[in-house]
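This is what each chain is made of:
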Amino acid sequence: MSQYNYLIIGAGFAGAVCARRLAEGGKKVLVLERRSHIGGNAYDCLDDSGVLIHQYGPHIFHTGNKEVFDFLSRFTQWREYQHRVVANIPDGKGGRMQYPVPFNLTSLETAFGQEEGKRLGDKLIAAYGAEKKVTILELRQNPDPEIAAIADYVYEHVFVHYTMKQWGQTPEEIDPNTTARVPVFLSRDDRYFQDTYQGMPLEGYTKLFENMLDHPGITVELGVDALKRLELDGGAILLDGQPFSGQVIFTGQADELFGFQFGPLPYRTLDFRFETLPQDAFQTHGTVNYTVDEPYTRITEFKHLTGQVKPGVTTIMKEISKAYTGTEGETPYYAIINPENNALYAKYKAEADKFPRLHLLGRLAEYKYYNMDAIAGRALALADELLGD
Ligand code: FAD
Ligand code: UDP
């Protein structure tokens, strides 16, 4: 009989938030994490040159959910940060130009010239309303020839090449909710997100996770593949060969949990190319999207995000997206959401549902495109449900 009430597999946002809430509800929780560190994909650390980097891609915290913000604020203070992104594209005259993404009224004036851009902006506002967000797919439906021309421009210069690089498919072929994350914005607001609460953990994400997991009811074991210790057998759950009478919260890949018995779920993975440069700064913004050319989708310069002051050195990272093959060392970062893949996922979910004490939670386990705040919110809700709130 185990001393633990809960086994949580994975120490990312899903696992760590759930662990803390359950421990505060008086439960004994064992967290097993395969990597050598906590934090999941939000993990950050100093690189060899002492620059604070995000090992698994740039993570910017933003939410409209006060409960999530208040909960996380118990484990970190926040650095005031509003993320701003620009598209960097050839200007057609041998140079390059930049304008805000999401494409907004300022982008329109940069692309079409001040006067013409203003006139077109007024026309879009007349059609959709000031401060409105319009998805690119919606904009492309507009029969007005001038609006259709703007839609074609934005499609060509912001969406189609970037989306091909990121997904290997066109904006029409991927889940419409994905491009809807970055709508055309009929505003001068050039922030990437408009959520009420935005910022970066003052001492980094890893420190936030250390504080969150620092509770007498929580035991964390790193470098442990939980699937080597867990057995799901005819409705029974075994941990280290013994019946486990507690609940299991699994935040890894659902297909892997069940031995890929229905075939592997498709994902996209990323190659992160880090470069440390002997200069104060490399680019104007935290993230610059290469929406027309270059093999990578975007370059992030971490010092903009973290606010770290470190003269004479900076670290940047280029992201190259490709199909996940399951090869050793590859990480599945993005579920590829479409009806066929959702149907395959549903088979794994049905397997999980045969075990009433097994819960799938998280971006991988639920095969969804969740931001950190969404996962934290789901983790709190699941823990409260299990605690009988
Ligand atoms: P994860 O962070 O993936 O954690 C799951 C953990 O489970 C991992 O540490 C894994 O090692 C562990 N695990 C898996 N299988 C096993 C096993 N068998 N045994 C033991 N451990 C196991 N969200 C935002 O809100 N803002 C952003 O700016 C943002 N940027 C992002 C950029 C990129 C490139 C990516 C890929 C994602 C981004 N996200 C962002 C999303 C964010 O990363 C996720 O919402 C969040 O990490 C999900 O947490 P999770 O716990 O579900 O998954
Ligand atoms: N996108 C695009 N051009 C951009 C930014 C985004 O085409 O400059 C599309 C692309 O398909 C991308 C999706 O919008 O996958 C969502 O972008 P977001 O920045 O939300 O992706 P994240 O990196 O946060 O997963």
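Note on numbering: residues in each chain are counted from 1, in written sequence order. Note on labels: chains are lettered from A, ligands numbered from 1, in written order. Local features in this predicted model are restricted to residues of pLDDT 70 or higher, and side-chain atom pairs are both shown and tallied only at a pLDDT of 80 or more, whereas totals for entire chains, interfaces and linings draw on every residue. The side-chain quantities take in all heavy atoms of the structure and omit both hydrogens and water.

Re the overall build of the protein
Logical step 1: Looking only at helices and strands, one finds 12 helices and 22 strands in the protein.
Logical step 2: What you see for the protein is a C-alpha radius of gyration of 23 Å, in line with the 21 Å of a compact globule of 389 residues.
Logical step 3: In terms of principal-axis extent, the alpha carbons of the protein reach across some 75 × 50 × 40 Å.
Logical step 4: When a residue's accessible area, from a 1.4 Å probe over protein chains only, is under 20% of the maximum for its type it is buried; when over 50% it is exposed; and in between it is partly exposed. Out of the 389 residues belonging to the protein, those deemed buried represent 54%.
Logical step 5: Contacts: residue pairs with any heavy atoms within 4.5 Å of one another. Put simply, 70% of the contacts in the protein that link residues at least 6 apart link residues at least 24 apart. Numbered from the N terminus, helices here are DSSP runs of H or I no shorter than four residues, and strands are runs of E no shorter than two. Just to be clear, the radius of gyration here is over C-alpha atoms, and the globule rule we use is 2.2 Å times residues to the power 0.38.

Quick notes on the sheet that holds strand 16 (residues 247-250)
Logical step 1: Between any two strands, at least two bridges found by DSSP are needed for them to pair. Strands sit in the order 12-2-1-16-22 across an open sheet of 5 strands; the sheet is parallel. The strands lining the two open edges of the sheet, one partner per strand, are strand 12 (218-221) and strand 22 (358-360). In this sheet, adjacent strand axes meet at a mean angle of 15° when their direction is disregarded.
Logical step 2: Axis definition: a line fitted to C-alpha atoms, limited for helices to the stretch in contact. Angles are taken between N-to-C directions and run from 0 to 180 degrees. The strands touched by helix 12 (residues 372-387) are strand 1 (6-9), strand 16 and strand 22; relative to strand 16, the strand with the most contacts, the crossing angle is about 175°.

Overview of the site of ligand 1
Logical step 1: Around ligand 1 sit 30 residues, and of these Glu-33, His-59, Ile-60, Tyr-370 and Met-372 come closest.
Logical step 2: Residues adjacent in sequence count toward polar contacts only when both atoms are side-chain atoms; beyond that, a polar contact is any pair of N or O atoms within 3.5 Å, and within protein one must be able to donate a hydrogen and the other to accept it. Contact between ligand 1 and Ile-60: an oxygen atom at 2.7 Å from a main-chain N or O atom of the residue.
Logical step 3: The set of elements that each furnish at least two residues to the shell around ligand 1 consists of helix 1 (13-24) and helix 12.
Logical step 4: Gly is put with the polar residues, along with every residue not named as nonpolar or charged; the nonpolar set is Ala, Val, Leu, Ile, Met, Phe, Trp, Tyr, Cys and Pro, and the charged set is Asp, Glu, Lys and Arg. Looking at side-chain class alone, the shell around ligand 1 contains 16 nonpolar, 9 polar and 5 charged residues. Only heavy atoms are used to decide nearness, and a residue is near a molecule or strand if one of them lies within 4 Å of it.

Quick notes on the site of ligand 2
Logical step 1: Near ligand 2 you find 18 residues, and of these Thr-163, Trp-167, Arg-181, Tyr-192 and Tyr-369 are the closest.
Logical step 2: A distance of 3.3 Å separates an oxygen atom of ligand 2 from a polar atom in the backbone of Phe-159.
Logical step 3: Contacts to ligand 2 include Arg-298, whose side-chain N or O atom sits 3.0 Å from an oxygen atom.
Logical step 4: Note on areas: Shrake-Rupley with a 1.4 Å probe; residue coverage comes only from the protein chains shown. Contact with the protein chains removes 93% of the 530 Å² of surface that ligand 2 exposes when unbound.
Logical step 5: Listing elements by their share of the shell around ligand 2, those giving two or more residues are helix 6 (145-167) and helix 7 (176-179).
Logical step 6: By residue number, the principal contributor to the shell around ligand 2 is helix 6, which donates 6 residues.

A few points about the layout of surface pockets
Logical step 1: When its volume is computed, the second largest pocket comes out at roughly 250 Å³.
Logical step 2: For cavity detection a 1 Å grid was placed over the protein atoms alone, and a set of points counts as a cavity when a 1.4 Å probe fits there but cannot get out; an open set counts as a pocket when protein lies on both sides within 12 Å along at least five of seven lines, with lining residues being those that have an atom within 4 Å of a point. Lining of the second largest pocket is provided by 13 residues; of these, Lys-349, Leu-360, Leu-361, Glu-366 and Arg-378 occupy positions nearest its centre.
Logical step 3: At the level of secondary structure, the elements contributing two or more residues to the lining of the second largest pocket comprise helix 11 (339-353), strand 22 and helix 12.
Logical step 4: Residue contributions to the lining of the second largest pocket peak at 4 residues, all from helix 11. Grid points are joined across faces, edges and corners, and a volume is the space filled by probe spheres set on the points.

Observations regarding the pattern of salt bridges
Logical step 1: Each reported salt bridge corresponds to a side-chain nitrogen of Lys or Arg within 4 Å of a carboxyl oxygen of Asp or Glu. Under the criterion given, the structure shown has 28 salt bridges.
Logical step 2: Here Arg-20 makes a salt bridge to Glu-24, at a shortest N to O gap of 2.7 Å. One end of the pair, Arg-20, and the other, Glu-24, are both in helix 1, 4 residues apart, so they sit about a helical turn from each other.
Logical step 3: Given a relative accessible area of 10%, Arg-20 falls into the buried group.
Logical step 4: In this structure, Lys-118 engages Asp-122 in a salt bridge whose closest nitrogen and oxygen atoms are separated by 3.0 Å. Residue Lys-118 and its partner Asp-122 are located together in helix 4 (residues 114-128), separated by 4 residues, close to a single helical turn.
Logical step 5: Among the charged side chains, a salt-bridge network with shared partners connects Glu-116, Arg-119, Lys-123, Asp-144 and Glu-146.

Looking at empty space enclosed by the protein
Logical step 1: For the structure shown, the criterion picks out 1 cavity of 30 Å³ or more.
Logical step 2: Each pocket or cavity is described by its volume, and for the largest cavity that value is around 40 Å³.
Logical step 3: In this structure, the largest cavity is lined by Phe-103, Asn-104, Leu-105, Leu-108, Leu-124, Ile-150, Val-184, Phe-185 and Leu-186.
Logical step 4: The set of elements that each furnish at least two residues to the lining of the largest cavity consists of helix 3 (105-112) and strand 10 (184-185).
Logical step 5: Across the lining of the largest cavity, the residue classes break down as 8 nonpolar, 1 polar and no charged.

With respect to the environment of Tyr-348
Logical step 1: Here Tyr-348 is to be found in helix 11.
Logical step 2: Overall, Tyr-348 belongs to the buried group, its relative accessible area being 0%.
Logical step 3: Residues Tyr-348 and Thr-331, 17 residues apart in the sequence, show an inter-C-alpha distance of 20 Å.
Logical step 4: Residue contacts for Tyr-348: discarding those within four places in its chain leaves Ala-254, Asp-255, Phe-258, Phe-260, Gln-261, Phe-262, Gly-263 and Leu-265.
Logical step 5: At 3.0 Å, the side chain of Tyr-348 forms a polar contact with the backbone nitrogen of Phe-262.

Considerations on the environment of Val-154
Logical step 1: Along the polypeptide, Val-154 turns up in helix 6.
Logical step 2: Sequence separation of Val-154 and Val-184 is 30 residues, and the distance between their C-alpha atoms is 8.5 Å.

From the geometry alone we can't say anything about function, so treat these as descriptive.
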